[in-house]
Amino acid sequence: MATRRDFLTLSAATVLAGRIALPSGTGVQQPENERSNLAADPQRPRYHLMPPANWMNDPNGPIFWKGQYHMFYQYNPHGAFPESMHWGHAVSPDLVHWKHLPVALAPTPGGPDKDGCWSGCAVVEGGVPTILYTGVFPQVQCLATSDDRMITWRKFAGNPIIAAPPQGIETTGFRDPCVWREEDEWYLAIGSGVEGQGGVVLLYRSRDLIHWDYLHFLCRGRKDELLPGKDPVSTGEMWECPDFFPLSGKYALLVSTQGAVIYSVGAYENHYFRPEAQGKADLSDSYYAARSMLDGKGRRILWGWIREGRSEAAQRAAGWAGVMSLPRIVSRASDGRLNITPAPELETLRGRRHHFAGQSAQGGFSIRGDSLEIQAEFEMGTADVAGLTVRSSPNGEEHTSITYNRSKSQLLVEREHSSLSSEVDRGPQGGSFTLAENETLKLRIFLDASVIEIFANDRACLTSRVYPSRPDSLSVGTLAKGGNARLKTQDVWEMRPISPDRLTT
Ligand code: FRU
């Protein structure tokens, strides 16, 4: 599992990896041999957004502007490890196909962001695209603006715009600004926490995006607070990447708790947010640092960082690490919680279709592929466990199962046999998920090389990483245990790569 490293360390590997270093602001370019090595890498996704090479983590400042979807992200141009954070930039006309643009922000030697341009947001003020982000070390808030193409960014000469956390609070961190407008005032949420107590979101107000007054906590957690559910999740001591937005008459707050992305839906009154319903935006720790955008159709679209699940050495050797999740549409469910579903635009990637109907789930069928969308509906019948196996080798020595377990009320990815390699994570991933009596299990699974994104009955998401070592670990099948389940229907589409030439700028 990738761990957060000390961003100050400049290791020998950073220098070695300089072979793929990119001068910031000059566009993303790599030598030909690097491009072809990466393109041939069987573990590298083909229809997910990711930088042409090197390290990426959080989505930053996703924004819909002038008919285009802009995505920025934490990016290290020096190699596949988390140091020297820049803001990478890509743009899409349709949420699916992306064009890489020059790096938007790079650390300025001697500046408040000399050790990294960490996460933040983008807004447009009076026609001027504006980024607010965190400079380190120490953690301070900075601002940059652009012309209306958002290609070249100029940092505000008076940075930092917020030089320290509010006085009198022993904070665990001070980062990842999220800005919104209320009439003629701007509000700013910053991720933080109080030492020994729990995560908090700090709330600020401004008239010009530059001068900010601290107000109070927008919301706070308790360190040992456990969210309700069969497998409760601790809300921790530091909340990163707050994302706050109105949703169908209520408000939603997402925070990344250094473990999971937790959402709350609730009331926002007098500039305090009071959660009424909570849950995990994704049941796994492979998905993190989620951020949303509002698009031209009024949809709230959520993005997240899909982490690697293999050793740091394997990541460095691969020359790339980190993937952007597929776009997920967020809406408010009738029970007050969030529904999260894949954006319909992804259907444009569907190629050849294989259809199955009305068969027993035991013993399954066999489709092969590692770039697929699978839609399957199961009647659980008498079975305790039902679902699919993916990335199976002909002799079964490698396989991964995706199942609903009725007696445990869990949606699970089991990775124990996902790879023969010793460099990969093998632990199960998943969590609380319950089907109502007689409700069918509806799985929608996006398989893209080492990435698996699962959507269950429109109300649970589960992201996973698997790295089979055998080139023939490609089979998809169904399974049922503890009784008989029936596969009602299943469609499998071969997915097209988002751009055969996406390694070019
Ligand atoms: C979340 C995070 C943010 C920080 C960024 C640095 O993954 O730790 O809090 O701004 O990554 O890359």
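Residues numbered from 1 in each chain as written. Predicted model: local features only at pLDDT ≥ 70, side-chain atom pairs only at ≥ 80, totals over all residues. Heavy atoms only, no water.

A. Fine view of the site of the ligand. Looking at the ligand, there are 12 residues lining it, with Asp 58, Gln 74, Arg 175, Asp 176 and Glu 240 nearest. At 3.0 Å from an oxygen atom of the ligand is found a side-chain nitrogen or oxygen belonging to Asn 57. About the coverage of the ligand: the protein hides 99% of its 320 Å² of free accessible area. Within the residue set of the shell around the ligand, elements represented by two or more residues are β1 (54-65), β5 (117-125) and β9 (171-182). Of the residues belonging to the shell around the ligand, the class tally is four nonpolar, three polar and five charged. (Near = heavy atom within 4 Å. Polar contact = N/O pair within 3.5 Å; in protein donor to acceptor, adjacent residues only side chain to side chain. Areas by Shrake-Rupley, 256 points an atom, 1.4 Å probe, with all protein chains shown as cover. Helix = DSSP H or I, 4+ residues; strand = E, 2+ residues; numbered from the N terminus. Nonpolar A, V, L, I, M, F, W, Y, C, P; charged D, E, K, R; others polar.)

B. The side chain of Ser 464, seen in detail. If you trace the backbone, Ser 464 turns up in strand β32 (residues 460-465). Side chain to side chain, Ser 464 and Gln 429 meet in a polar contact 2.6 Å long. Aside from chain neighbours lying at most four places away, what touches Ser 464 is Ser 286, Val 413, Arg 415, Gln 429, Ser 450, Val 451 and Ile 452. (Contact = heavy atoms within 4.5 Å.)

C. Just the confidence of the model for the protein chain, in detail. Scored by pLDDT, the protein chain comes out at a mean of 91, with 91% of its residues at no less than 70. A low-confidence stretch, residues 1-29 (pLDDT under 50), is modelled with 66 contacts involving residues beyond four sequence positions or located in other chains. Low confidence marks residues 500-505, where pLDDT is under 50. Its contacts with residues over four positions away, or in another chain, come to 16 contacts. (pLDDT = per-residue confidence, 0-100.)

D. Focus on the nonpolar core. With 50 residues, the main nonpolar core has Trp 98, Leu 254 and Trp 303 as its most contacted residues. Core analysis: the second largest hydrophobic core is formed by 34 residues, Leu 283, Leu 441, Ile 445 and Val 466 among them. (Core = buried A, V, L, I, M, F, W, Y, C linked by side-chain atoms within 4.5 Å. Buried < 20%, exposed > 50% of the residue type's maximum accessible area, 1.4 Å probe, protein only.)

E. View of the layout of surface pockets. The space that makes up the largest pocket amounts to roughly 560 Å³. As for the largest pocket, its lining consists of 25 residues, of which Ala 122, Val 123, Val 179, Trp 180 and Arg 300 are closest to the centre. Elements with a minimum of two residues in the lining of the largest pocket: β1, β5, β9, β13 (240-247) and β17 (287-294). Of the residues contributing to the lining of the largest pocket, the split by class is 18 nonpolar, two polar and five charged. One number sums up the size of the second largest pocket: a volume of about 440 Å³. Every residue lining the second largest pocket is counted, 26 residues in all, and those nearest its centre are Gly 279, Lys 280, Leu 283, Arg 337 and Ser 432. Elements represented by at least two residues in the lining of the second largest pocket include exactly β16 (272-280), β22 (338-342), β29 (429-432) and β32. For the lining of the second largest pocket, a count of residues per class yields 13 nonpolar, seven polar and six charged. (1 Å grid on protein atoms, 1.4 Å probe; cavity = no way out; pocket = protein on both sides within 12 Å on 5 of 7 lines; lining within 4 Å. Points joined across faces, edges and corners; volume = space filled by probe spheres on them.)

F. Broad picture of unusual backbone geometry. In this structure, Pro 138 follows Phe 137 across a cis peptide bond, with omega equal to 5°. Structurally, the position occupied by Pro 138 is in the loop between β6 (128-135) and β7 (140-146). We note that Glu 183 has phi near 50°; this positive angle belongs to a residue other than glycine. Along the chain, Glu 183 falls in the loop between β9 and β10 (185-194).

G. View of the packing of aromatic side chains. According to the stated counting rule, one finds 18 aromatic pairs in the structure shown. A ring pair is formed by Tyr 73 and Tyr 75, whose centres lie 5.9 Å apart and whose planes are at 80°; its orientation type is edge-to-face. Assigned by exposure class, Tyr 73 and Tyr 75 land together as buried. With a centroid separation of 5.6 Å and an interplanar angle of 85°, the aromatic rings of Tyr 404 and Phe 433 are classed as edge-to-face. Placement of Tyr 404 in strand β27 (residues 400-405) and of Phe 433 in the loop between β29 and β30 (441-448) is noted, with a sequence separation of 29 residues between them. A relative accessible area of 2% means that Tyr 404 is categorised as buried. (Phe/Tyr/Trp six-rings, centres within 6.5 Å; stacked < 30°, edge-to-face > 60°.)

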